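What follows is each chain in one-letter form.
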Amino acid sequence: MSSFDMEEHESSGRDAADKVLDQYFRALSDTEAPASLIPRVQAAIAARALRPWWQQSYQSWNHKTRTLVLSVAGGMLLLLSWLLPIYLPAISGGGGFGLMTPYSSSLEPLWAVAMLLVGSLQAFLSQVPATVYYLVAAIIWVGYLLAVGTGVFLCRLVQLQKAR
Amino acid sequence: MTDPEKFEAFMKAYQNMVFTTAMRLLGNTAEAEDVAQEVFLRAFDRFESIKDHPKVGGWLRTVSRNLSLNHLTRHRARWRLFTEMRSPDSDQTPFQDDIEAKERTDTSAVASDEGGLMESFLAELPAKQRVPLVLYHFDEMSYEEIAQTLKISLGKVKTDIRRGRENLRERLTRSAAAREEWGLPVPVSS
């Protein structure tokens, strides 16, 4: 049995080879990082700082910005939760824009057209059997696989020719 | 706001540990530097809360390890899909070493000391052997934890670690023989 063979020692935990390697590995000092690492990190931080605050990570926002954004988002949610129960029934079942703004009369024809389109689409989709959906999904999936497969095949063909 | 000087001192204190953790797992200097950069960017985002934490070293090591494993899984697996010329092998894992020899960092050429030599041999191991070996010996993870982390079977973890050790031993023996031949001091007793 070689000293590095550990099969017979599994029940008793780390074997002699484990210990030798462990001791050896632990004695290893860290490798020196490249001198370019710190300048790279500093450059990346500087590049991030130049981006506008909304493109930066949430954690890098200052407290005032975080508070403001959370307050605005919370306020909008509250407003929506208050407005939706009032206006949603009026829009969907009440025959249009009755409770909404002075613009409601001018938007009425647009709303009617939109409802007509949605109704037609709904009626059409309800006529389509479920198997058609499965078929379309299968075609999309096979097409995706074919595209990836063709890409891999062509790439390997090019590699093979280069190797020759 | 983070004080740039304090953060620079922080990086100087931990850069070798972070880089070494990534380097041992990835076996490639450029990739290890990329991962180390990402680790410090994450540390920068949380610097106010971690800078005085007693376990910040452990946190950095964990982030380095996780990002290195992610790197191995995502980037190399994706790269392999388009470049691998070998036939599929059921023994393969996402950590299969498929990097061309020329892309490797030839650390053995510059490793003159004992530790450097061992590090270079470690870097030259196939990733599927190196990664579990490093997790076992440097991160002190159990076989079960390694299997769970790498999403491979327990048997495969044991086999890969055993092969990794044998591979290392072989390289060390060859190196010792070569050194003896050239009249150089033998670095490691096998």
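Per chain, residues are indexed from 1 in the order of the written sequence. Key to labels: chains lettered from A, ligands numbered from 1, both in the order written. Under the rules for a predicted model, residues below a pLDDT of 70 receive no local features and side-chain atom pairs below 80 are neither given nor counted, while totals for whole chains, interfaces and linings still include all residues. Processing note: side-chain calculations cover all non-hydrogen atoms of the structure and skip hydrogens and water entirely.

A few words now on helix H2 (residues 29-45) of chain B. All names here are of chain B. Between its terminal C-alpha atoms H2 stretches 25 Å, which fits the 24 Å expected from 17 residues at 1.5 Å a residue. Three labels apply to residues, based on accessible area from a 1.4 Å probe with only protein chains included: buried if under 20% of the type maximum, exposed if over 50%, partly exposed otherwise in between. Comment: elements are numbered from the N terminus, with helices defined as DSSP H or I runs of at least four residues and strands as E runs of at least two. All of the buried residues in H2 are Glu31, Ala32, Glu33, Val35, Ala36, Gln37, Val39, Phe40, Leu41, Ala43 and Asp45. Pairs of N or O atoms are called polar contacts if they sit within 3.5 Å, as long as, within protein, a hydrogen donor faces a hydrogen acceptor (for residues adjacent in sequence, only side-chain-to-side-chain pairs). The N-capping residue of H2, defined by a side-chain oxygen 3.0 Å from the backbone nitrogen of Ala30, is Asn28. One less than the residue count of a helix, multiplied by 1.5 Å, gives the span that helix is expected to have.

This part is about the pattern of salt bridges. Any carboxyl oxygen of Asp or Glu within 4 Å of a side-chain nitrogen of Lys or Arg constitutes a salt bridge here. Counted according to the given criterion, the structure contains 13 salt bridges over all chains. One salt bridge connects Arg26 of chain A with Glu140 of chain B, and the closest N-O pair in it is separated by 2.5 Å. Here Arg26 of chain A, found in helix H1 (residues 16-27), pairs with Glu140 of chain B, found in the loop between helix H6 (127-137) and helix H7 (143-150), and the two come from separate chains. For Asp160 of chain B, the salt bridge identified is with Lys156 of chain B, shortest N-O distance 3.0 Å. Here Lys156 of chain B and Asp160 of chain B lie together in helix H8 (residues 154-181), a separation of four residues that amounts to about one turn. Relative accessible area serves as the criterion here: at 1%, Asp160 of chain B is assigned to the buried category. Among the residues examined, Lys156 of chain B registers a relative accessible area of 13% and is labelled buried. Each of Arg40 of chain A together with Glu33 and Asp34 of chain B takes part in salt bridges that share partners, so that together they form one network.

Turning our attention to the packing of aromatic side chains. Residues and elements named next belong to chain B. Here the aromatic set is Phe, Tyr and Trp, taking the six-membered ring for Trp, and pairing holds for ring centres within 6.5 Å; pairs whose planes are under 30 degrees apart are stacked, those over 60 apart are edge-to-face, and all others are tilted. Within the structure shown, the criterion is met by nine aromatic pairs over all chains. Consider the rings of Phe7 and Phe47, whose centres lie 5.1 Å apart with planes at 85°: the pair is edge-to-face. Here Phe47 lies in helix H3 (residues 47-50) and Phe7 lies in helix H1 (residues 4-26), a separation of 40 residues in the sequence. An identical accessibility class is assigned to Phe7 and Phe47; each is buried. With a centroid separation of 6.4 Å and an interplanar angle of 85°, the aromatic rings of Phe10 and Phe40 are classed as edge-to-face. Taken together, the residues Phe10 in helix H1 and Phe40 in helix H2 connect sequence positions 30 residues apart. Accessibility assignment for this pair places Phe10 and Phe40 in one class, buried.

So, about the nonpolar core. Residue and element names in this part refer to chain B. Counting 57 residues, the largest nonpolar core has Phe7, Phe10 and Leu168 as its most contacted members. Examining the composition of this core, we find that ten residues originate from one element, H1, more than from any other. Split by domain, this core shows at least three residues from each of two domains, domain 1 (1-83) and domain 2 (98-183). Among buried residues, those of type Ala, Val, Leu, Ile, Met, Phe, Trp, Tyr and Cys that are joined through side-chain atoms within 4.5 Å constitute a nonpolar core. For the domain bounds, the source is a domain assignment made automatically or taken from a database.

This paragraph deals with the confidence of the model for chain A. Residue and element names in this part refer to chain A. The predictor reports its confidence for every residue as pLDDT, a score running from 0 up to 100. In the predicted model, chain A carries a mean pLDDT of 78, and 75% of its residues have values of at least 70. Across chain A, the element-wise mean pLDDT spans from 76 in H1 up to 92 in helix H2 (residues 37-50). By definition in these notes, contact holds between two residues if any of their heavy atoms fall within 4.5 Å. Long-range and interchain partners of residues 1-13, a stretch whose pLDDT sits below 50, account for 18 contacts in this model, where long-range means more than four residues apart.

Before going further, it helps to spend a moment on H7 of chain B. Residue and element names in this part refer to chain B. Within the sequence span of H7, burial applies to Tyr143, Ile146, Ala147 and Leu150. Buried residues of H7, viewed axially, fall in a sector of 100°; they line one side. With its phi angle positive at about 55°, Lys151 sits one or two positions after the end of H7. What the arc covers is the set of directions going from the helix axis to the C-beta atoms.

Relative orientation of the contacting elements H2 of chain A and H2 of chain B amounts to 50°, with a least axis distance of 10 Å. Between H2 of chain A and H2 of chain B, the angle falls in the class oblique. Crossing angle aside, the handedness with which H2 of chain A passes H2 of chain B is right-handed. Contacts between H2 of chain A and H2 of chain B involve Leu37, Arg40, Val41, Ala44, Ile45 and Arg48 of chain A on the former and, on the latter, Glu33, Asp34, Ala36, Gln37, Phe40, Leu41, Phe44 and Asp45 of chain B. Residue polarity follows a fixed list, in which Ala, Val, Leu, Ile, Met, Phe, Trp, Tyr, Cys and Pro are nonpolar, Asp, Glu, Lys and Arg are charged, and the others, Gly among them, are polar. For the contact of H2 of chain A with H2 of chain B, the residue count by class is eight nonpolar, one polar and five charged. A fitted line through C-alpha atoms represents every axis, and for helices the fit uses only the stretch in contact; the resulting angles, taken between N-to-C directions, go from 0 to 180 degrees. Should an angle lie under 35 degrees it is considered roughly parallel, over 145 roughly antiparallel, and from 65 to 115 roughly perpendicular; all remaining angles are considered oblique. Rotating anticlockwise by less than a right angle from the far helix to the near helix defines a left-handed crossing, while the corresponding clockwise rotation defines a right-handed one.

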